[in-house]
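Understanding the architecture of this molecule
Here are the chains, one letter per residue:
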Amino acid sequence: MKLDRKEILKALETITIAGEGKNMVESGAVANVITFGDEVVVDLVLHTPAMHIKKRAEDDIRKTIHELISPEAKVKVNIKVETKENPNEIKGKAIPGIKNIIAVASGKGGVGKSTVTANLAVTLAKMGFSVGVLDADIYGPSMPIMFDVENEKPISVTVDGKSKMKPVESFEVKILSIGFFTAPSQAVIWRGPMAAKALNQMIFDADWGELDFMLIDLPPGTGDIHLSIMQSLPITGAVVVSTPQAVALADAKKGVAMFMQDNINVPVLGIIENMAYFTPEELPENKYYIFGQEGAKNLAEDLDVPFLGEVPIVQSIREAGDYGRPAALQTASKIETVFEEITRNVVQEVVNRNDSLPATEAIKITTMAGCSAVKKN
């Protein structure tokens, strides 16, 4: 079987890339098409770094060639991203030594975002990565409780002649939170600019050292703090946490949309479904979908973003958070396995993101120590 280049180009004219307005041949996205017998190589140039658009374009090309040309064709798609300068895009400046910055967000409060962040952090540390957590939930900081460091205070250290905060360390994770600077019963009643200034101090006036990952625990919603973070830091990618409940999913969808806006343009690494189901200890084979079934998974499919995994309702997760020892540290437990799988998926998506998108906004991972389960191409 010999494939015809002209027929393939004609078939590709039926595909439109999101945001382009023209078919991929007319818009110039198809840079080249090469055929070798039953093999075809399509070189594609995209002008957006959004991973879901890249993936959809690749899938559409394969599907179209198989349907319109030959189901036996061996299709290879090479995608190059050339981003156009957007004068309205919100960009942050890098922190020396911090390789990847992941924002953990949720549209709605109470879905377990901080719990997921804490468990991702300790799991990354167990895998051999150096990890920091910035508790950006100014009005409801949770990390001091979740890491059992409520009574700790960051100390001042001198770095290159400048006085900086040294993050508190717990379970091999470096932590900074507004909770370290306020009394437990004290309400933080600040307007947006003051909250943003406090965040900037914790980001840039701190001695974070060398980090493979910084996780940012964002407050619920899509507001002032989120924009301040985007303006301050080059976010590698965002992880959105939601329960399967329709009310939570509606807000999670808005959270994903915020990161995908043209002037923010942060890749969404995926969605995590928390409180996915309940399994009684005495009935380990039973699953009760208290908040609905696979809602976040279906949302990820609808939005064409990766589904990173589901966390069940387990009493020990809540207890561990209250006692200040994240549940993922429970050796040989189901919860440890759950968070290891989700964390491996997050790391893989970061690797994919750094391989496929320009590295101007984030430095690539340079070590995969302890994470042999993640395949590198």
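My aim in this report is to walk through the structure given alongside it, one point at a time. Computed from a predicted structure; not experimentally measured.

**Observations concerning the pattern of salt bridges**
Applying the stated criterion to the full structure yields 10 salt bridges. A salt bridge links K55 to D59; the nearest nitrogen and oxygen atoms lie 3.2 Å apart. Here the residue K55 and the residue D59 both occupy positions in helix α2 (residues 51-68), the gap between them amounting to 4 residues, near one helical turn. For K55, a relative accessible area of 46% corresponds to the partly exposed category. Taking the shortest distance from any N to any O, the salt bridge between K254 and D251 comes out at 3.6 Å. Taken together, the positions of K254 and D251, both in helix α7 (residues 246-260) and 3 residues apart, correspond to about one turn of that helix.

**What about the environment of G270?**
You can see G270 is positioned in strand β12 (residues 268-278). Of the residues examined, G270 reaches a relative accessible area of 0% and is grouped as buried. A C-alpha to C-alpha distance of 7.7 Å links G270 and V346, two positions 76 residues apart in sequence. Each residue touching G270, except ones within four places of it in the same chain, is listed here: A238, V239, V240, P306 and L308.

**Let's talk about a nonpolar patch on the surface**
A cluster of nonpolar side chains, F278, L283, Y288 and I290, forms an exposed patch at the surface whose accessible area comes to about 360 Å². Here Y288 lies in the loop between β12 and α8 (295-303).

**Observations regarding the packing of α7 against α8**
Between α7 and α8, the shortest axis-to-axis distance is 11 Å and the interhelical angle comes to 35°. The interaxial crossing formed by α7 with α8 has right-handed handedness. Of α8, the residues touching α7 (which contributes L249, A252, K253, V256 and M260) are G295, A296, L299 and L303. Tallied by class, residues from the contact of α7 with α8 come to 7 nonpolar, 1 polar and 1 charged.

**Some details on the sheet that holds strand β2 (residues 39-46)**
On the basis of which strands lie adjacent, the open sheet formed by 3 strands has the order β1-β2-β3 and mixed pairing. Strands at the two margins of the open sheet, each flanked by one partner only, are β1 (30-36) and β3 (74-81). Between one strand and the next, the sheet's axes are offset by a mean angle of 15°, whatever the strand orientation. Inspection of the sheet shows β2 paired to β3 by 8 bridges, in the parallel sense. From the neighbouring strand, V41 faces β3, where its bridge partner is K76. Relative to the sheet, α2 contacts β2 and β3, its axis offset from that of β3 by approximately 155°.

**Here's the deal with helix α1 (residues 5-12)**
Considered for burial, the residues of α1 that qualify are I8, L9, A11 and L12. Relative to the axis of α1, the buried residues are bounded by an arc of 160° and lie together on one face. In this structure, α1 carries K6 and K10 as exposed residues pointing more than 90 degrees from its buried face. Contacts from the buried residues of α1 go to β1, β2 and α2. The backbone nitrogen of K6 has a side-chain oxygen 2.9 Å away, supplied by the residue at the start of α1, namely D4.

**As for the sheet that holds strand β9 (residues 173-177)**
Reading across from one edge, β8-β9-β5-β10-β4-β11-β12-β13 is the order of the 8 strands in this open sheet, with mixed pairing throughout. Strands at the two margins of the open sheet, each flanked by one partner only, are β8 (168-170) and β13 (307-313). Strand-to-strand, the axes of this sheet are offset by a mean angle of 25°, without reference to chain direction. Sheet topology places strand β11 (residues 237-242) next to β12; 5 bridges connect them, and they run parallel. Within β12, the residue paired with A238 across the bridge is V268. Each of β4 (98-105), β11 and β12 is contacted by α7, which is oriented at about 175° to β11, the strand it contacts most.

**Describing the packing of helix α3 (residues 113-126) against helix α10 (residues 334-356)**
The geometry of α3 relative to α10 is characterised by a closest axis approach of 9 Å and an angle of 80° between their N-to-C directions. Between α3 and α10, the angle is such that the two are roughly perpendicular. Residues V116, N119, L120, T123, L124 and K126 of α3 lie in contact with α10, whose contacting residues are E336, F339, E340, I342, T343, V346 and V347. By residue class, the composition of the contact of α3 with α10 is 7 nonpolar, 3 polar and 3 charged.

**Section: unusual backbone geometry**
A positive phi angle is found at E172, which is not glycine, with a value near 65°. Mapped onto the fold, E172 is located in the loop between β8 and β9. For E172, a relative accessible area of 58% puts it in the exposed group. In this structure, M275 is a non-glycine residue whose phi angle is positive, near 55°. For M275, the position within the fold is in strand β12. Overall, the relative accessible area of 23% leaves M275 in the partly exposed class.

Cut-offs and rules
- Residues numbered from 1 in each chain as written.
- Predicted model: local features only at pLDDT ≥ 70, side-chain atom pairs only at ≥ 80, totals over all residues.
- Heavy atoms only, no water.
- Salt bridge = Lys/Arg side-chain N within 4 Å of Asp/Glu carboxyl O.
- Helix = DSSP H or I, 4+ residues; strand = E, 2+ residues; numbered from the N terminus.
- Buried < 20%, exposed > 50% of the residue type's maximum accessible area, 1.4 Å probe, protein only.
- Contact = heavy atoms within 4.5 Å.
- Patch = residues over 30% accessible without salt bridge, like charges linked within 9 Å, V, L, I, M, F, W, Y side chains within 5 Å.
- Areas by Shrake-Rupley, 256 points an atom, 1.4 Å probe, with all protein chains shown as cover.
- Axes fitted to C-alpha atoms, helices over the stretch in contact; angles between N-to-C directions.
- Left-handed = near helix turned anticlockwise from the far one by under 90°.
- Nonpolar A, V, L, I, M, F, W, Y, C, P; charged D, E, K, R; others polar.
- Pairing = 2+ DSSP bridges.
- Arc of directions from axis to C-beta.
- Polar contact = N/O pair within 3.5 Å; in protein donor to acceptor, adjacent residues only side chain to side chain.
- Parallel < 35°, antiparallel > 145°, perpendicular 65-115°, else oblique.

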